[in-house]
Structures are given as C-alpha cells and as structure tokens.
Amino acid sequence: MNVDLVVVGAGLCGLTVAERCANRLGMRVLVVEARRHIGGNAYSELEPETGIEVHRYGAHLFHTSNESVWAYANRFTRFTDYVHRVYIRRGDEIFPLPINLATINQFTRSAMSPSEAAAWVRDRAAQYRDGDVGNLERKAISLIGRDLYEAFVRGYTAKQWEADPMDLPAAVITRLPVRYTYDNRYFSDTHEGLPVDGYTRWFERMIDSDRVEILLGNDFLDRQSAVNKHNTVGRVEVVYTGPLDRYFDRAVGGLTWRTLDFAWEIVPTGDYQGTAVINYADRSVPFLRTIEFRHFHPERDYPRDRSVIAREYSRLARPEDEPYYPVNSTMDRRILRRYRDLARQETGVHFGGRLGTYRYLDMHMAIASALRVVDRLAARRTV
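Residues numbered from 1 in each chain as written. Predicted model: local features only at pLDDT ≥ 70, side-chain atom pairs only at ≥ 80, totals over all residues. Heavy atoms only, no water.

A few words on the pairing of strand E7 (residues 93-97). In this structure, strand E6 (residues 86-90) lies alongside E7, joined through five bridges in antiparallel fashion. Considered in E7, the bridge of Val-86 is made with Leu-97. Following E6, the chain reverses through two residues before pairing antiparallel with E7; Gly-91 in that reversal takes a positive phi of roughly 60°. (Pairing = 2+ DSSP bridges. Helix = DSSP H or I, 4+ residues; strand = E, 2+ residues; numbered from the N terminus.)

Next up on the list: the nonpolar core. The nonpolar side chains of soluble globular proteins are, as a tendency, buried together. Within the largest apolar cluster, 88 residues are counted, with the highest numbers of intra-cluster contacts made by Phe-62 and Trp-202. Among the elements that take part in this core, helix H12 (residues 363-382) stands out by supplying ten residues, more than any other. Looking at which domains feed residues into this core, each of domain 1 (5-38 + 207-256 + 326-382) and domain 2 (99-172) supplies at least three. Grouped together as the second largest cluster of nonpolar side chains are 24 residues, Val-8, Phe-220, Trp-257 and Val-349 included. (Core = buried A, V, L, I, M, F, W, Y, C linked by side-chain atoms within 4.5 Å. Buried < 20%, exposed > 50% of the residue type's maximum accessible area, 1.4 Å probe, protein only. Domains from an automatic or database assignment.)

A separate point is the sheet that holds strand E14 (residues 277-280). Pairing is mixed in the open sheet, where seven strands are placed in the order E7-E6-E14-E15-E16-E13-E17. Edge positions in the sheet fall to E7 and strand E17 (325-326), since each of these pairs with one other strand and no more. As defined by bridge partners, strand E13 (residues 257-267) adjoins E17 across two bridges and the pair is classed as antiparallel. Directly across from Arg-258, in E17, lies its bridge partner Tyr-325. Across the sheet, helix H3 (residues 101-108) is in contact with E6 and E7; its angle to E7 comes to roughly 155°. (Contact = heavy atoms within 4.5 Å. Axes fitted to C-alpha atoms, helices over the stretch in contact; angles between N-to-C directions.)

A few words on the domain arrangement of the protein chain. Examined at the domain level, the protein chain breaks down into domain 1 (5-38 + 207-256 + 326-382) and domain 2 (99-172). Centre-to-centre separation of domain 1 and domain 2, based on C-alpha positions: 39 Å.

Under the criterion given, the structure shown has 28 aromatic pairs. Geometrically, the ring pair formed by Tyr-325 and Tyr-360 is tilted, given 5.1 Å between the ring centres and 35° between the ring planes. Residue Tyr-325 is found in strand E17, and its partner Tyr-360 is found in the loop between helix H11 (353-357) and H12; the two are separated by 35 residues along the sequence. The partly exposed category is assigned to Tyr-325, whose relative accessible area is 25%. You can call Tyr-360 partly exposed: its relative accessible area is 40%. Of the aromatic side chains, those joined through ring pairs into one cluster are Phe-62, Trp-70, Phe-79, Tyr-199, Trp-202 and Phe-203. (Phe/Tyr/Trp six-rings, centres within 6.5 Å; stacked < 30°, edge-to-face > 60°.)

In this section: the packing of H3 against helix H6 (residues 146-161). At their nearest, the axes of H3 and H6 sit 12 Å apart, and the two run at 95° to each other. Looking at the two axes, H3 sits roughly perpendicular to H6. Residue-level inspection shows Thr-103, Ile-104 and Phe-107 of H3 in contact with H6, the latter providing Asp-147, Leu-148, Ala-151 and Phe-152. Of the residues that constitute the contact of H3 with H6, the class distribution is five nonpolar, one polar and one charged. (Parallel < 35°, antiparallel > 145°, perpendicular 65-115°, else oblique. Nonpolar A, V, L, I, M, F, W, Y, C, P; charged D, E, K, R; others polar.)

Moving on to the side chain of Gln-273. Here Gln-273 shows up in the loop between E13 and E14. Within the local environment of Gln-273, its side chain forms a polar contact with the backbone oxygen of Ala-276, the two atoms lying 3.2 Å apart. In this structure Gln-273 touches Ile-278, Thr-290, Ile-291 and Glu-292, once residues within four positions along its chain are discounted. (Polar contact = N/O pair within 3.5 Å; in protein donor to acceptor, adjacent residues only side chain to side chain.)

With that settled, consider the sheet that holds strand E12 (residues 237-240). Read across the open sheet, the five strands follow the order E11-E2-E1-E12-E18; overall the sheet is parallel. Both edges of this open sheet fall to strand E11 (212-216) and strand E18 (349-351), since each of them pairs with a single strand only. Pairs of neighbouring strands in the sheet enclose a mean axial angle of 20°, with direction left out of account. The pairing of strand E1 (residues 5-8) with E12 spans four bridges and is classified as parallel. Looking across to E12, one finds that Val-8 is bridged to Tyr-240. In this fold helix H1 (residues 12-23) packs onto E1, strand E2 (29-33), E11 and E12, with an angle of close to 160° to the strand it touches most, E1.

Once that is clear, we can look at the pattern of salt bridges. Side-chain pairs of opposite charge can arise where the charged atoms are in close proximity. One pass over the structure, following the stated rule, counts 32 salt bridges. Asp-92 is paired through a salt bridge with Arg-89; the nearest N and O atoms lie 3.5 Å apart. When its relative accessible area of 75% is taken as the criterion, Asp-92 is described as exposed. A relative accessible area of 33% means that Arg-89 is categorised as partly exposed. Residue Arg-185 is joined to Asp-183 by a salt bridge in which the shortest nitrogen-to-oxygen separation is 2.9 Å. Arg-185 sits in the partly exposed class, given a relative accessible area of 31%. It is possible to trace a salt-bridge network through shared partners that takes in Glu-137, Arg-146, Glu-150, Arg-154 and Asp-164. (Salt bridge = Lys/Arg side-chain N within 4 Å of Asp/Glu carboxyl O.)

Okay, structure coming up:
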C-alpha cells in the first residue's frame, strides 16, 4: 500500500483530514468509504425528475462563528446569503422558532413588550426553578414554563425520542433558547449560508488532488474489503471516523443512537409549504418535520409546477442503520469510557468525527475537530 495515511470515512471530518494532510503536510492519502458517495450525511444530489437539489440525509445548514473554519470552507465554495428560519405547526396554527416575542404574543393573543414577555415566562417557570429538575420535562418547565413546554416541546420531544419526557434525563435538554425580540433566525452565528454549487461539489473540490485517492464501497471493518482494518492497522497511519464500537467489534457493548427515516414525495405544486422546514408539535402527527428543498436555493430556476418534500421520522437505530444522534445514556457513557481506553491503546490510529467520538457534531464542528487531528499529525511528523 503506497500511501502515508488511510482515512476511514468520506464525511466532512474525513475529507478535511484528507485535504489538509495532502496539501499542508504533503502526504499521500487514501480515503475509504463504505457508501457509494462522498460527503457522509451532508451528501446532496439533484433529484432527477425536477432538478431540485436534495439533502439525502436530512436538512444540512452551514453556519459558524469560527473564523478559521469559515475561511477554510471558503477555499472550496462560495456561500449564498440563505438565512435559515424554522416554523412549528401546532393544531391549525404555525408559529416561528426558536421561541421569540412573535411566538409568545401569537400564543397568548397579546402584544407584550420584551420585558413583559420575560416576566410572563419567569412566572410560569418558577414551579421548578429551585426544585427537582431530574427529568427532561421538569428541566424544560424550569427554563420556559409549562405553557410553552406543553405547546411546543412535549409532543415533539416525545416523537424525537420515542419516550415520555418524564422518563428522559434532564441532560438531554441543556437549554431552550427564548428570544425577547422578533428575531426568528434559527442560528445566531456570525456566518451562515449554503454552498452555491451544492454540498457535493464543495466536497469534490476538497479532494481534487493528485495526493488523494478515494475508494468507495469499501467497508474498512469487513475482512473481504480490499482495504480493511486487518491489512492496514500497524502498517500505515489511520484516521478512523466510523462507528467507535464497530471498530472494536462491539467488544464491551453497543453504543445507542437515534436514526432518521424519510418519506419522499414529488408534489404537483411549485410551493408546498412556503418555507424550507416546518416542525410538527402534535404527538398525533407521526413525523417530526417536513422539508421542502426548493426553499434552500430560491436563487435557482426550479420548476414552477413541482416540488420535492421529505417527511422526517425518528427512531432508535439498529446496527445496520445510519446513526445520527447519540442517545448518551448513563450506560452509553460507561461503555464509551471503556472504548476510549481501548482507543488510546491503538498504535497509529486516530479517532475522529461524530461516529468515531460518539458526539453529535454540526458541520462546522466536524471541520474544527478535523483540523485539530491534522495539527496532532503534523506535530508527530516533526518529532
């Protein structure tokens, strides 16, 4: 194997490591990926019937306040001025998210000022402010009060986790943002936008180097694959961004994840819902949200008589599913500590990415973590 580094996984973390190791460190890099495409869960493609760019693994929005990450991403793509705004349907009404002054005033049928709305929330959150917040429901009420919790959080959370919020730990929900202004931007980062030419073109530019080779359809943990753990580890340095427990053949137990399913539909209208994402608060609606992809790129000349939507459902991941969100239960944390001990004992293997670290990472966080891995590799090469 005539390479200096094998990167396992062609998601954003793996591609960033490959690009930097090739172009900054001058290494010959082989990227192996079990799927038939690069980009991991941020992969996008044009839906063939309509030409609308769809995100095959759910909506991916790029945003960051990290200037080095923003500068790095802009080496490979320009970004649109898209600003993400989310709405939530409750019954027959649609409210803006995150909860803001417009949400509160619409919900209460009033016209409170910022200070009046803040006092209204404080009064309703007082029940658990200094008391027992040992589960998600009580924690949420202590943050935003029972009225807003019951209206916008309870049903959605129950669907997202397939559990009563009373049975979920408080740690699942660390904060619930409430804005006492009419600002309904979903993110508050300095930079935000979508790649002008789409995510996949961005990723292709990252690995456009004679020093980077891509091998798709290659499961690194399958002995039958051309490049696998058993014929690679110990012979060449490896950056592994696949599932941490799978690397060790689940020797100390499986880590639990949530996954997502999507019901796709081409609808006979040029605009199905008027915005990119609408969440559904009611437990009686089985899906979490509806995504309409044309709204991510209003600057494009998409068909006026058809649109592509995807309804998103959440469930517990099986071993064969694509994992999305770590459950991070008490048992998971115990298992994770043991896997981290095993990982430290692996010579020449570096673990990264959301799967390799058992952490949910937004895209900008995946890039930042990958750049730190490259810094460690660079330090090793200068010793």
